[in-house]
Amino acid sequence: MTIEELKPILEALIFVASEPITEEELAQILPEVDRANLDAALEALRQEYEANGRGLELRRIAGGYRISTRPEYHDYIRRYLKTRPSARLSMAALETLAVIAYKQPITLPEIQEIRGVNSARAVKTLLEKRLIEPKGRKPVVGRPILYGTSREFLIQFGLNDLSELPTIEDFEELGSGGS
Amino acid sequence: MRADDWLDRPEEIPPRESERDGEPLPRYTVKLDVFEGPLDLLLHLIKKEQVSIYDIPIARITEQYLEYLRHMEELDLTIASEYLVMAATLIYIKSKMLLPRDSAQAAEAEEEEDPRRELVQRLLEYQRYKTAAELLWSKAEREQAVFTRGRLETDDANPEVNATLFDLFCAFQRAMERLKERRELTLAREEITMAEKIAELRALLEREERLDITALFEAARSRRELLILFLAVLELVRVAVIRLVQTERFGRLLALRVRASAEIAM
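The sections below set out a description of the structure shown in this document.

**Some details on the interface of chain A and chain B**
Taken together, the contacts link 56 residues of chain A with 42 residues of chain B. When the area that chain A buries against chain B is broken down by residue, the three leading residues are Arg88(A), Met91(A) and Arg130(A), summing to 15%. Scanning the region where chain A abuts chain B turns up 4 salt bridges. Close ionic contact of Glu125(B) with Lys103(A) constitutes a salt bridge, the shortest N to O distance being 3.6 Å. The interface formed by chain A and chain B holds 11 residue pairs in polar contact (both at pLDDT 80 or more) in total. By residue number, the principal contributor to the side of chain A that touches chain B is helix α5 (residues 91-103) of chain A, which donates 9 residues. Across the side of chain A that touches chain B, the residue classes break down as 28 nonpolar, 14 polar and 14 charged.

Right, dumping it as structure tokens:
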């Protein structure tokens, strides 16, 4: 199968997948296709989406591919769907999430050490929202649970993988307030 | 986006009449709940006073910090213990900085550590994560403006979300709560063991492909039975006899048989 033949098939599959579909999954569905061709077709398709100035975009999210609307058109879509953006996470939950995202796997006492406040409720909220998940236990006294971010976190925050987070050192400059 | 834009920051009341008449003490009204903790409050004070985080005028900041806590007391708000611990830390640092250094120590002065150092490190670290939190939010905001295609029929026909042990624990907790509300009138002591419970579950699995765990939890007649059921389910998950799924997030928990029934019998 040529790359040109492959592109529309991949597009159809990515469209139908309810969650970002990974290259692995695509390769399983298309065992007759050479892996290098698959890669090339995906990349060509992605570039076409980028170049065409359409209302849809093809993005890499959580290690998979997803077709979604471009953010700049959300107003029109919300008019049709009659929805509003969902409520934001509390500052406590966001801070806790940031600490977990950068220091994972991390225990509750370690989170509290950094934030300077009790963070049990924030952790519970994040667990309920499935943004974080337990990642085993730390082999120290009390064997506290280690937390890390989930796949849902990557999807909700539009990240392909954790390496897309800006390095925490970058914030040193940004944040150093005062004079 | 800056924190101040989306966090309701305390407003400072303009100086009162009396203060203009030579009472220089500034007055602040502050709401405790807008701060995420003592570190957040300190960062706010440092910013407000326009001083460098690397060279904090401890006496001045401590005074403001305590002033703030006093206000909380006046308003009859409970001050979280973390705020008091920080107050003690600040006073300790302040006292250390006031101590005169004798000449013998002066030689070592260079090596001597700035008593503020540890606090500054903590503030800087906290500030980094605070900035990161803002960045995360701006990312999430962008994602909220992004839509994927609407649901397809096949999505509903195959609605299983992989459930985690956390979900199992939540379902167990909810059942426990409900059990508490019911009044117990059990007279005979039940003597069901975990082995019996596991056997019971396995027998059920022989007949049915899937079990409604939430319903089983709800049917438990006592705390003890609920506990044993919970442990039995955990055990069956561990030995991979069942797999936990949910039909929707936070929906009912279902146990699916993993192996063929013949293997279960072993």
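**Some remarks on the packing of aromatic side chains**
According to the stated counting rule, one finds 3 aromatic pairs over all chains in the structure shown. Aromatic pair Phe153(A) and Phe157(A): ring centres 4.9 Å apart, planes at 35°, arrangement tilted. Each member of the pair, Phe153(A) as well as Phe157(A), is classed as buried. Residues Phe35(B) and Tyr68(B) carry aromatic rings whose centres are separated by 5.7 Å and whose planes lie at 80° to one another, so their mutual orientation is edge-to-face. Taken together, the residues span a long stretch of sequence, with Phe35(B) in the loop between α2 (17-20) and α3 (38-48) and Tyr68(B) in helix α4 (residues 58-74) at a distance of 33 residues. When sorted by exposure, Phe35(B) lands in the same class as Tyr68(B), which is buried.

**Notes on the pairing of strand β2 (residues 56-61) of chain A**
Side-chain direction in a regular strand flips from residue to residue, so the side chains alternate between the two faces of the sheet. All names here are of chain A. In this sheet, strand β3 (residues 64-69) lies alongside β2 in antiparallel orientation, the contact comprising 6 bridges. In the strand pairing of β3, glutamate 57 is matched with serine 68. Hairpin connection, β2 to β3: the antiparallel pair is bridged by 2 residues, and alanine 62 has positive phi, about 45°.

Conventions and cut-offs
- Residues numbered from 1 in each chain as written.
- Chains lettered and ligands numbered in written order.
- Predicted model: local features only at pLDDT ≥ 70, side-chain atom pairs only at ≥ 80, totals over all residues.
- Heavy atoms only, no water.
- Contact = heavy atoms within 4.5 Å.
- Buried area = accessible area lost by both parts, 1.4 Å probe.
- Salt bridge = Lys/Arg side-chain N within 4 Å of Asp/Glu carboxyl O.
- Polar contact = N/O pair within 3.5 Å; in protein donor to acceptor, adjacent residues only side chain to side chain.
- Helix = DSSP H or I, 4+ residues; strand = E, 2+ residues; numbered from the N terminus.
- Nonpolar A, V, L, I, M, F, W, Y, C, P; charged D, E, K, R; others polar.
- Phe/Tyr/Trp six-rings, centres within 6.5 Å; stacked < 30°, edge-to-face > 60°.
- Buried < 20%, exposed > 50% of the residue type's maximum accessible area, 1.4 Å probe, protein only.
- Pairing = 2+ DSSP bridges.

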